[in-house]
Each structure stands twice: as structure tokens, then as C-alpha cells.
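Working through the structure, step by step
One-letter residues, chain by chain:
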Amino acid sequence: MKDKKHFNATRRRFIRNAAIVGGSFFIVPRHVLGRGFIAPSDKLNIAGIGAGGKGEGDLKEFSKSPNVNIVALCDVDDRQSKNSRERFPNAKYYKDFREMLAKEKNNIDACSVSTPDNTHTVAAIAAMQMGKHVYVQKPLTHDIFEARLLTESAKKYKVVTQMGNQGASGDGVRLMQEWYNAGTIGDATAIHVWTNRPVWPQGFGKPKTTDEVPAELNWDLWLGPAQFEEYHKEYVPFNWRGFWSFGTGALGDMGCHLIDPAFKTVGLGYPTEVECSEGSVFEKMWNASYYPESCPVSSSIKLRFPGKNGKPDVKLYWMDGGIIPERPDELGADEKMGGGDGGVIITGTKGKMMCETYGANPKLLPTSRTDEVNVPQTIARVPEGHYLQWVNACIAGYGKKELSSSFEYAGPLTETILMGNLALRSWNIKSADGKSFPGRKKLLWDAENMKITNFDEANQFVKREYRSGWHL
């Protein structure tokens with residue numbers, strides 16, 4: 001990377017000149033510094049955009065590598081970033097990632113982006129355009145257009161990328177792939193995915209009142225490219241997930257963890273159609289609540305993927321808010337279906353397989369088959385884990401190491417998830433006279449052109465309008 005080489009060269013010149021000024025030039029053998037010592041110029045310098053909440057955990061994981069320096073932190077809320085600032089006292093602290101990138105561009109090699117969903121893309125693309133490797137939390141983006149953009153930008157700028165769906169590096173999803181590739185369940189025809197989310201308030205309108213912005217929070221920067229609205233304590237630090245302006249709901253929160261095992265195992269591409277239904281809250285007799293600005297209390301979504309190479313089409317069913325699929329006949333009445341947070345069942349022409357969230361604890365159905373079926377290990381495991389896989393790939397350089405969820409893969413996965421959200425939002429579009437809902441039908445998707453072909457009003461959810469002052 002040009003900036004890194006420039007920075008390392010500058011650092012070496014500084015050390016050399018300081019020694020000369022001191023009256024002599026010393027060459028210190030590496031063994032004097034201690035066995036296993038890693039020179040500062042050999043380390044990956046990471047900046048954290050979003051240092052609280054999940055960002056705090058991400059930075060902690062990266063720092064477990066002896067090859068990592070956390071050199072800069074950025075967060076719009078001093079309360080949330082407190083622990084990270086204490087853990088990395090030598091890291092420079094900023095509130096605006098744009099200022100941080102401008103001032104630290106020669107000091108950083110990579111960025112971790114863990115902000116509310118509405119700011120993922122503007123932060124990631126700014127770092128990528130500077131040639132910085134990026135790790136971006138799930139879902140990769142807020143909008144379908146943004147997901148396509150980041151996918152293409154990773155190739156354009158030749159940077160190492162990873163989405164933060166850590167289960168993608170687990171052994172479970174690799175075992176499922178090996179079972180599937182060996183023909184254990186035949187060709188997939190249906191996939192059922194469910195979650196216990198939302199576990200935050202969702203399905204009601206935005207707050208009717210406003211609150212005073214805390215002194216530690218820069219509300220304007222927190223909003224990022226979202227349209228301006230007044231601050232309310234209900235949004236920060238977590239419940240923003242339930243509002244379309246900022247978050248992506250239950251599907252955005254858990255879809256990348258739950259759909260990933262099936263997406264990877266079956267080798268799904270872009271869907272061609274989507275339809276959905278939503279749960280309603282009745283605030284009074286015969287009158288269901290109507291809050292199109294809020295993600296629904298529960299939903300059911302069906303996506304169709306075209307079969308490849310003569311194989312059958314695959315239907316993927318998503319359920320949240322307490323809805324779960326029918327228990328398979330092959331699963332005993334007292335056996336656990338999925339896990340506490342949700343699960344995945346893949347139905348094929350010759351059998352079924354099941355796993356928990358993150359692809360954990362995979363099983364063939366009936367479960368007795370799990371120990372009876374043995375297939376060779378053909379897919380390498382990731383012993384270092386999801387975070388350090390990205391770190392090691394960044395150090396190796398673009399294109400040198402395989403990643404579990406690079407944007408080449410994570411982009412289409414995210415587009416699939418956001419297609420479900422497009423359907424949910426279209427569900428609430430009213431006709432001009434307010435008497436009907438024309439979006440409550442099967443929506444047909446032209447993936448190449450990122451366009452719904454049979455209901456044009458749905459296309460407003462492909463790409464949102466950014467607030468003045470924010471752009472890609």
C-alpha cells in the first residue's frame with residue numbers, strides 16, 4: 001500500500017536521523033529486543049470508526065494479535081467510547097471519521113467500521129478510497145445500492161475486506177458445505193430461517209417528543225447521511241435498530257448470521273422474486289397500527305433463487321418476531337430445533353440438515369445420521385478466527401489470502417437480506433386514495449439493474465437520499 005510504505009519509510013528516516021543527531025549510529029540486533037519482538041513498522045495499524053458497543057468488542061479482538069496496533073479511535077459518543085479510550089490510551093481520538101482519515105491517513109493501514117447501519121457505507125467507502133483495508137459490521141450496508149457499491153469498490157481499490165458475521169469463519173458452516181458437496185441431502189429446494197429478534201422495541205411509531213442532546217454526544221454526526229430529525233433518548237445507544245431511518249430491523253441484525261450458512265452451503269446468488277407479510281398491533285378494535293417508519297413487530301418473507309446447472313429453484317423462508325417453521329418429521333418431539341436465538345433448516349431432494357445461529361452445532365436429520373455419515377474434510381478451517389483472519393490477510397496484502405466474508409461474498413449476501421427489507425417497506429405503501437396497499441404482492445427483481453420490475457414505487461428503497469452535506 002502506498003501510504004503504508006510512505007509512513008514506514010518516514011518512520012525509518014526519523015530513527016536514522018535521530019541517531020545521527022545523537023552523535024553516532026547504532027544498529028540494534030533484533031535478538032536484543034527480545035525473542036518474538038515485532039518491529040512497529042511490521043504491524044498493522046488499525047483505526048476504529050465506532051469505538052463503543054460492538055465496536056469496542058471488535059477492537060479488543062483485533063488487538064489480540066501481536067501484529068496489530070490500534071492507533072486511532074473515532075466515536076460520536078464519549079460515553080460509549082470510554083472503555084476503548086482507556087484500553088488504548090495511545091490512540092488518537094476523534095469524533096468525525098472524515099477528520100480522522102484526513103489527519104491520520106499516513107498512520108493507518110486499515111479501519112474497523114462499527115457504527116449504526118446508516119453510516120456503514122459512507123465511512124467504509126471513505127477509507128477504501130484512501131487505500132485502507134476495511135472490516136465492516138453486519139449488515140454490510142443500509143441499502144441495496146450501497147452493498148453493490150462496496151462490492152465493486154473492494155475490487156476497484158484492491159483492499160482486503162471482511163464483514164462482521166463471525167460465524168462465517170466457524171467450523172459448522174464448513175462441515176455443512178462438505179455434507180452438501182458430498183450429496184448427503186441431494187439438491188436444496190427449501191431453506192427455513194428464523195430468529196428470536198427483535199429483542200428491542202419495534203413496530204410502533206417514532207417518539208412524539210424530543211429530548212435534550214447529551215453533552216457527550218454529537219447528534220449531527222450520529223445521524224450521518226440520514227435525514228435530520230430531533231434527538232430522542234429512545235434511539236441511542238441501541239434501539240435505533242427498529243427504525244428504517246437508521247437500522248435494518250430483525251432481518252438486518254441477524255440475517256447475516258443465520259442466512260450465511262445456507263447462502264454459502266447451497267451457493268445461492270441473487271434472488272429473482274420476493275414476497276412478505278407483517279404482524280400487526282391492534283391499538284383499538286378493527287384498527288391495526290400503521291407505522292411505516294418502524295420495522296415490523298414480526299414478519300415472514302419468501303425469496304426465490306433460480307436453480308443453477310439444471311438444479312431446482314430454491315425458496316428461502318425467513319421468520320422473525322416469534323414465528324418459527326413447522327418442525328421437520330425427522331426431528332424427534334423432544335429434540336431441540338435450532339438454538340435459542342434461531343436456526344436454519346435446509347431441505348434437499350435426499351434429506352435435511354439443520355444448524356443454530358452462526359452455523360453452530362450442525363446436524364443431519366434425523367439427528368442419528370450426524371454420527372453415521374462421514375465425509376472427507378475438503379475445506380480448510382480458520383483456527384485463528386474471523387477477526388485475525390482479516391488481520392493476517394491485510395498484512396499479506398490484497399488477493400494473497402482467502403477470507404470467509406470478503407465483500408465479494410458479503411455484498412450479494414447483504415443484497416439478499418436487504419431485498420427482504422425492501423419487501424417489508426413496500427408492504428406499507430398506500431395507494432393515492434389511501435384505501436389499498438398495492439405493494440402487497442410478489443415483487444419481481446432485476447438484479448443486474450437493481451430494480452423491481454412490477455412495482456416502481458418499491459425502487460425508492462433500493463437507494464435512499466442522503467442528507468445535505470453527505471455523499472459517496
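Shown above is the structure to which this text applies.
Residues numbered from 1 in each chain as written. Predicted model: local features only at pLDDT ≥ 70, side-chain atom pairs only at ≥ 80, totals over all residues. Heavy atoms only, no water.

Things to note about the packing of helix H6 (residues 120-129) against helix H7 (residues 144-157)
Packing of H6 against H7 brings their axes to within 10 Å, and their N-to-C directions diverge by 15°. When the axes of H6 and H7 are compared, the pair comes out roughly parallel. In the crossing of H6 with H7, the sense of the turn from one axis to the other is left-handed. Contact residues: H6 offers Thr121, Ala124, Ile125, Met128 and Gln129, while H7 offers Glu146, Leu149, Leu150, Ser153, Ala154 and Tyr157. Partitioning the contact of H6 with H7 into residue classes produces seven nonpolar, three polar and one charged. (Axes fitted to C-alpha atoms, helices over the stretch in contact; angles between N-to-C directions. Helix = DSSP H or I, 4+ residues; strand = E, 2+ residues; numbered from the N terminus. Parallel < 35°, antiparallel > 145°, perpendicular 65-115°, else oblique. Left-handed = near helix turned anticlockwise from the far one by under 90°. Contact = heavy atoms within 4.5 Å. Nonpolar A, V, L, I, M, F, W, Y, C, P; charged D, E, K, R; others polar.)

Side note on H7
A turn of α-helix holds 3.6 residues, and therefore any two residues three or four places apart point the same way. Taking 1.5 Å of rise per residue, the 14 residues of H7 would be expected to cover 20 Å, and the 20 Å separating its terminal C-alpha atoms lies within 8% of that figure. Restricting attention to buried positions, one finds in H7 the residues Ile144, Glu146, Ala147, Arg148, Leu149, Leu150, Thr151, Ser153 and Ala154. On its buried face, H7 is in contact with H6, strand S6 (161-164), helix H13 (407-427) and strand S16 (443-446). Following H7 by one or two positions, Lys158 has its phi on the positive side, about 55°. (Expected span 1.5 Å × (residues − 1). Buried < 20%, exposed > 50% of the residue type's maximum accessible area, 1.4 Å probe, protein only.)

Some words on the packing of aromatic side chains
What the rule picks out here adds up to 17 aromatic pairs. Judged by centre distance (5.1 Å) and plane angle (50°), the ring pair of Phe62 and Trp390 falls under tilted. Remark: Trp390 occurs in helix H12 (residues 385-396) and Phe62 occurs in helix H3 (residues 54-62); sequence separation between them is 328 residues. Taken as a pair, Phe62 and Trp390 share a single burial class, namely buried. Ring pairing ties together the aromatic residues Phe204, Trp219, Trp222, Tyr231, Tyr235, Phe243 and Phe246, which thus form one cluster. (Phe/Tyr/Trp six-rings, centres within 6.5 Å; stacked < 30°, edge-to-face > 60°.)

Section: the sheet that holds strand S17 (residues 451-452)
The sheet built from nine strands is open, its strands ordered S15-S14-S13-S7-S12-S11-S8-S16-S17 with mixed pairing. Here the strands that pair on one side only, and so sit at the sheet edges, are strand S15 (363-365) and S17. Across seven bridges, strand S7 (residues 188-195) lies against strand S13 (residues 342-348) in antiparallel orientation. Across the sheet, Trp194 pairs through a bridge with Gly343, a residue of S13. Helix-sheet contacts for H13 involve strand S8 (273-278), strand S11 (299-305), S16 and S17, and the interaxial angle to S8 is about 55°. (Pairing = 2+ DSSP bridges.)

Some words on the pairing of S6
Of the two faces of S6, the one lined by Thr161 and Met163 and the one lined by Gln162 and Gly164 are each fully buried. Bridge analysis of strand S5 (residues 133-137) against S6 gives four bridges, and the strand direction is parallel. Each residue of the ladder has a partner; that of Val134, found in S6, is Thr161. Tracing the backbone out of S5, into H7 and back to the parallel element S6 gives a crossover that is right-handed. (Right-handed = clockwise from strand over helix to strand, strands pointing away.)

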